[in-house]
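# Structure assessment
The primary structure of each chain is shown beneath.
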Amino acid sequence: MEKKITEFSTTKYGLSKFLYKPRDGMNYYAEIFFKNGTKEKYKLPKFLLEGVTVGLEQKNSKEIILFLTTNKKSLNKLANKEFELLIHRDGLLKKIDIKFNNVDTTYAIVIKKDFLLDGMNIITLIDDKNNPILERLYFNYINHTSPKVNIEFKKNELDSLVFEIDLKKKFNGSMNLSFSVLPSETYAYMQNQNILSTFNLKPYVKGNIENPAFYFTDFDESKAKELDLLLLTQGWSRYEWKNLNSPPIEKYEFEQGLDVKGRINMKVDIDDKVILFPTKYHASTISSIMQNNFEISNLILTKGESLNISLLNKNNKLLKPKLYVNTQAEFAEDILETNYSTITTIKIKEDLVSYNVDDFIDEGAVELGEVLLIGNRKKKAESNIYIASYLKNKVTEITEEIAFNFQFITDIIKSRGYDVRVGLGAKQFDRVSIRVKTVQSLIGNAALTFPEPIIYLDDQRLSDFDVLYNAPTSDFESYYFQKSGASEGTRGAGGVIRLYSKRDNYKSKNSRPEQSSEYIVENGFEPSKKFYTPKYRVFENPAFKKYGIIHWDSDVTLEANKKINFRIFNTGIKNLIFYYEGMGGEW
């Protein structure tokens, strides 16, 4: 005769838990009643007669209790052996020693949340032979709340709306954010994944997670319980313990970028070398020549980028080489596996799919013939696109007087208290060395004691400073010094310097050296492209309000305690919704 033990209900995602104490020789079933009136009966899996189970409860806002439970039969194998409770994730590890006695079958371990790791914790019990006995996932929300953004409308300005943006919570350093602005009635942004769930949840859990963004949106105590239920029912983490304890098999050589390989089709001497002039992301590189062949590895090159290569003889004279060059990378076929069992078929609302291109045109619109306007173009000075909005009022413009007093840009850097050395020393290729003069660390390492500054040229970080060798100050438009280096965190001990080129001199500054051969990269990385808002003909119609895009900016930087102006096109729509995601030093 069947007897009901307990009853339970599920969350909207079909998850639930219940407690029962099984007895040997008994079969157990779960009877599920669905909303449509049907029911199904499922046999529960058989339990083990020996072993250890784990339970987890919130003691209070600052502590959790971990329960390890066994039975008398198991104590004979567990008692007086050294067990360890490992709390780990991503190479981080904390350990608690566990010892079972001959009497007790339940052990309660109180753990402070500030002892746990921020975010995901993988809790694994291992025996005296380092075998995993059980595992439990727990997400520690302490210090893990996301900052909220203040967005305040300030004014109408011509055809634009100007908003002021800052963070509600004080923080150190800077944050890089992406903003999307859409009509409040939009259907275009229905994400079930966000940056928090992508980084904090998906990498650690096996199988499909339904609407992972739910657990990190408008977080409260109820969300914490539902996330813990998900981690309980999803089982073990996605990483196999045996793989963590055995070295991986290397299938492919590690690559970072592309390899430039070439052959010199002319006579070269044994001491001759090849020099690759500065590229978009790299300073000058010198390579040896072996049997008329050369190779330069791990370069970040974009499609259409120009490579300028010269021959450098033993007298340090540049010669124009006759050569063959190509760029190579080890490409492997990457197949996207589709698990159709995780796809749910849903009925789409009719009003979600009933629009076409013509619906973005107002019914009262009149198509006009082509109108040709002829006039004289008035030249207007444009702002430098490389200067971030929060730096507009901080940069120092280079005037004729500054250019006259400081012949080279390195002279300005030297005047700001840096130790600047120009020219090749013995056994080194760096033509420009820049370091701070004051001691920044007592570790003894020269790179830490007198660190280099981080230097950006037109918003591109320099890997070395050779591009500044004998660079005239008159070729630069402005500069900015941040001696504290706060925007770069611990890497900015040497400060941050931002240099901006004159835009009308950009091509001449980067023109091909006379004694060099040019090669155009064909199979490089795709260059970053600017987003342009589609030019809609009309905004006040249902199609635009549900699927239109008002604005998107993927590179918004917020600094500590600073406000920035955020400008978007004025579509006339009164109700807008802002979506933002990003990361910074603390998040």
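A count of helical and extended segments in the protein chain gives nine helices and 30 strands. A buried classification covers 34% of the 587 residues belonging to the protein chain. Of the contacts made within the protein chain by residues no fewer than 6 positions apart, 65% connect residues no fewer than 24 positions apart. Carbon and sulfur atoms form 50% of the exposed surface of the protein chain, whose accessible area is close to 39600 Å².

Of note, Glu 63 is situated in strand β4 (residues 63-69). Of the polar contacts made by the side chain of Glu 63, one reaches the side chain of Lys 112; its length is 3.3 Å.

Sheets are built from strands paired through backbone hydrogen bonds, the pairs being either parallel or antiparallel. The sheet built from three strands is open, its strands ordered β16-β13-β19 with antiparallel pairing. Edge positions in the sheet fall to β16 (293-299) and β19 (323-328), since each of these pairs with one other strand and no more. When strand polarity is set aside, the average angle formed by the axes of neighbouring strands in this sheet is 15 degrees. As paired strands, strand β13 (residues 258-264) and β16 are joined by five bridges and run antiparallel to one another. Following the sheet pairing, Val 260 is matched in β16 by Ile 296.

Walk down a regular strand and you will see the side chains alternate between the two sheet faces. In terms of strand pairing, strand β5 (residues 82-89) meets strand β6 (residues 92-99) through eight bridges, oriented antiparallel. Paired with Arg 89 across the two strands is Leu 92, which belongs to β6. Count of turn residues in the β5/β6 antiparallel hairpin: two residues, of which Asp 90 carries a positive phi of about 55 degrees.

Okay, a nonpolar patch on the surface next. On the surface, Ile 5, Phe 8, Phe 18 and Tyr 20 cluster together into a nonpolar patch covering about 340 Å² of accessible area. Note on placement: Ile 5 falls in the segment before β1 (29-33).

With that settled, consider the nonpolar core. As a rule of thumb, soluble globular proteins bury nonpolar side chains together. Of all hydrophobic cores here, the largest spans 25 residues; its most connected members are Ile 165, Phe 179, Phe 566 and Ile 568. For this core, the elements supplying multiple residues, two or more each, are β11 (160-167), β12 (174-183), β28 (551-559) and β29 (564-569). Sequence-distant contacts of Ile 165, defined by excluding residues within four places in its chain, comprise Val 149, Asn 150, Ile 151, Phe 179, Leu 558, Lys 562, Lys 563, Ile 564 and Phe 566. Residues Ile 402, Val 432, Phe 476 and Phe 481 belong to the second largest nonpolar core, which totals 22 residues.

One can find Arg 498 in strand β26 (residues 496-501). Looking at Arg 498, its side chain comes within polar contact range of the side chain of Asp 459, at 3.4 Å.

With that settled, the discussion passes to unusual backbone geometry. Located in the positive-phi region is Asp 90, a residue other than glycine, with phi close to 55 degrees. Under the relative-accessibility criterion, Asp 90 is labelled exposed at 55%.

Time to look at the side chain of Ser 516. Considering the arrangement of structural elements, one finds Ser 516 in the loop between α8 (506-509) and β27 (517-520). Of the residues examined, Ser 516 reaches a relative accessible area of 0% and is grouped as buried. When neighbours within four sequence positions are excluded, Ser 516 is seen to be in contact with Phe 277, Asn 308, Ile 309, Ser 310 and Lys 320.

What follows deals with the pattern of salt bridges. Tallied over the entire structure, the rule returns 19 salt bridges. Across the salt bridge formed by Lys 39 and Glu 31, the nearest N and O atoms sit 3.6 Å from each other. In this structure, Arg 421 and Asp 419 form a salt bridge, with 3.3 Å as the shortest nitrogen-oxygen distance. Arg 421 gets classed as exposed once you look at its relative accessible area, which sits at 57%. Salt bridges linked by common partners bring Lys 59, Glu 63 and Lys 112 together as one network.

When the terminal C-alpha atoms of helix α3 (residues 221-233) are compared, their 19 Å separation across 13 residues agrees well with the 18 Å that a helix rising 1.5 Å per residue should span. Taken as a whole, α3 has its buried residues at Lys 223, Glu 226, Leu 227, Asp 228, Leu 229, Leu 230 and Leu 231. On its buried side, α3 packs onto β3 (53-60), β8 (119-126) and β9 (132-140). A distance of 3.2 Å separates the backbone nitrogen of Ser 222 from a side-chain oxygen at the start of α3, and that oxygen is part of Asp 220.

Turning our attention to the packing of aromatic side chains. Overall, the coordinates contain 24 aromatic pairs when judged by the stated rule. Measuring from ring centre to ring centre gives 5.1 Å for Phe 214 and Tyr 215, while their planes differ by 80 degrees; the resulting arrangement is edge-to-face. The burial state of Phe 214 is the same as that of Tyr 215; both residues are buried. Relative to Phe 481, the ring of Tyr 479 has its centre 5.6 Å away and its plane inclined at 80 degrees; by these criteria the two rings are edge-to-face. Phe 481 carries the same exposure label as Tyr 479, and that label is buried. The ring of Phe 115 has Lys 94 sitting right over it, with the charged end atom 4.8 Å from the ring centre. Directly above the aromatic system of Tyr 456 lies the positively charged group of Arg 498, at a separation of 4.3 Å from the ring centroid.

Let us look at the environment of Val 439. Tracing the sequence through the fold places Val 439 in the loop between β22 (432-436) and α7 (446-449). Sequence-wise, Val 439 and Gly 494 are 55 residues apart; in three dimensions their C-alpha atoms are separated by 10.0 Å. Each residue touching Val 439, except ones within four places of it in the same chain, is listed here: Thr 449 and Phe 450.

Moving on, we come to the sheet that holds strand β7 (residues 106-112). Pairing is antiparallel across the open sheet formed by three strands, whose spatial order is β3-β4-β7. Every other strand in the sheet has two partners, leaving β3 and β7 as the edge strands with one partner each. Each strand axis lies, on average, 25 degrees off the axis of its neighbour in the sheet, ignoring direction. Taken together, the seven bridges between β4 and β7 define a ladder with antiparallel strand orientation. Residue Thr 69 lies in a different strand from β7, and its bridge partner there is Thr 106.

What follows deals with the confidence of the model for the protein chain. Put simply, the protein chain has an average pLDDT of 81, and 81% of its residues get 70 or more. Confidence drops under a pLDDT of 50 for residues 338-354, and excluding neighbours within four residues, the segment shows nine contacts in the predicted structure. Low pLDDT, under 50, characterises residues 505-511; the stretch is placed with five contacts to residues that sit more than four places away or in other chains.

The rules behind each value
- Residues numbered from 1 in each chain as written.
- Predicted model: local features only at pLDDT ≥ 70, side-chain atom pairs only at ≥ 80, totals over all residues.
- Heavy atoms only, no water.
- Helix = DSSP H or I, 4+ residues; strand = E, 2+ residues; numbered from the N terminus.
- Buried < 20%, exposed > 50% of the residue type's maximum accessible area, 1.4 Å probe, protein only.
- Contact = heavy atoms within 4.5 Å.
- Areas by Shrake-Rupley, 256 points an atom, 1.4 Å probe, with all protein chains shown as cover.
- Polar contact = N/O pair within 3.5 Å; in protein donor to acceptor, adjacent residues only side chain to side chain.
- Pairing = 2+ DSSP bridges.
- Axes fitted to C-alpha atoms, helices over the stretch in contact; angles between N-to-C directions.
- Patch = residues over 30% accessible without salt bridge, like charges linked within 9 Å, V, L, I, M, F, W, Y side chains within 5 Å.
- Salt bridge = Lys/Arg side-chain N within 4 Å of Asp/Glu carboxyl O.
- Core = buried A, V, L, I, M, F, W, Y, C linked by side-chain atoms within 4.5 Å.
- Expected span 1.5 Å × (residues − 1).
- Phe/Tyr/Trp six-rings, centres within 6.5 Å; stacked < 30°, edge-to-face > 60°.
- Lys NZ or Arg CZ within 6 Å of the ring centre and 35° of its normal.
- pLDDT = per-residue confidence, 0-100.

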